[in-house]
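As a plain string of letters, each chain reads:
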Amino acid sequence: YCPLSVVVMLLAVVAWLVLKMPKECEVIIPGKVPVEEKTAASNKTASFFALWRLPMVMELAVAMLCNKVVRYFIYLWFPVYVMQELNQSAANTGLLVSLFDVGGIVGSVLLGMAADRYNSLVLTLFATIVGAAAFLLFKLTATWGIIYNSVILSVGGACVCGLDALLGGSVAVK
């Protein structure tokens, strides 16, 4: 892979050296109005603390942090738990974690569609409660077998990953 990587890097350097913006080559594109460049004085950026003080930014950041912690737990520590405590094979463990992801894909779509029709703040609360209930139910029914585990983890994935889409999208807009 090393020779191919070198070729790709060389092509990137050549493209960077050769390619220029139309304005740099004094080319005028018909139908496009030239935009004046912004000066450093007009390009003001807000500080981190100024953004942190905006309404709902801290709450959204904490919610996203908690959601990410749950997702990374499922991806990193959950397979160890399933293999050691539930004595599942590596194949079944991979299947369960994959079904969590599949549930997340379906949940992102379904919660996104529901957010278009209903109040996304209420959906966020609903997804949090159902996701927490799914993981508690998993703890209670973990020894029942792979079918129950698959369904419960798919529902949990739909709520956790769908919640990620809501928090990063429609809830943040409101």
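Look above for the structure.
Residues numbered from 1 in each chain as written. Predicted model: local features only at pLDDT ≥ 70, side-chain atom pairs only at ≥ 80, totals over all residues. Heavy atoms only, no water.

**Re the environment of L86**
Within the element layout of this structure, L86 appears in the loop between α4 (78-85) and α5 (90-117). Along the sequence, L86 and A142 sit 56 residues apart, while their C-alpha atoms lie 7.4 Å from each other. The contact partners of L86, leaving out residues within four places of it in the chain, are Y81, F138, A142 and T143. (Helix = DSSP H or I, 4+ residues; strand = E, 2+ residues; numbered from the N terminus. Contact = heavy atoms within 4.5 Å.)

**Section: the packing of aromatic side chains**
Within this structure, the stated rule accounts for five aromatic pairs. Seen in terms of ring centroids, Y75 and F100 are 5.9 Å apart; in terms of plane orientation they differ by 80 degrees. Their pairing is edge-to-face. Linking Y75 in helix α3 (residues 57-76) with F100 in helix α5, this pair joins segments that are 25 residues apart in sequence. Ring geometry for W144 and Y148: centres 5.2 Å apart, planes at 80 degrees, overall edge-to-face. Using a relative accessible area of 46% as the deciding quantity, one classes Y148 as partly exposed. These aromatic residues form a ring-pair network of at least three members: Y75, F100 and F135. (Phe/Tyr/Trp six-rings, centres within 6.5 Å; stacked < 30°, edge-to-face > 60°. Buried < 20%, exposed > 50% of the residue type's maximum accessible area, 1.4 Å probe, protein only.)

**Quick word on the pattern of salt bridges**
With the rule as written, the count across this model stands at two salt bridges. We note a salt bridge from R71 to D164, for which the minimum N-O separation is 2.3 Å. Of this pair, R71 sits in helix α3 while D164 is found in helix α7 (residues 146-168), placing the two residues 93 residues apart along the sequence. Both residues of the pair, R71 and D164, count as buried. Residues joined in a network through salt bridges with shared partners are K68, R71 and D164. (Salt bridge = Lys/Arg side-chain N within 4 Å of Asp/Glu carboxyl O.)

**Focus: unusual backbone geometry**
Trans is the prevailing form of peptide bonds, just as negative phi is the prevailing case for residues other than glycine. The phi dihedral of M56 falls on the positive side, at around 75 degrees, and the residue is not glycine. The residue M56 is located in the loop between α2 (48-52) and α3 in this model. For M56, a relative accessible area of 41% puts it in the partly exposed group. With phi around 55 degrees, N87 is a residue other than glycine that occupies positive phi space. Tracing the backbone through its elements, the reader meets N87 in the loop between α4 and α5.

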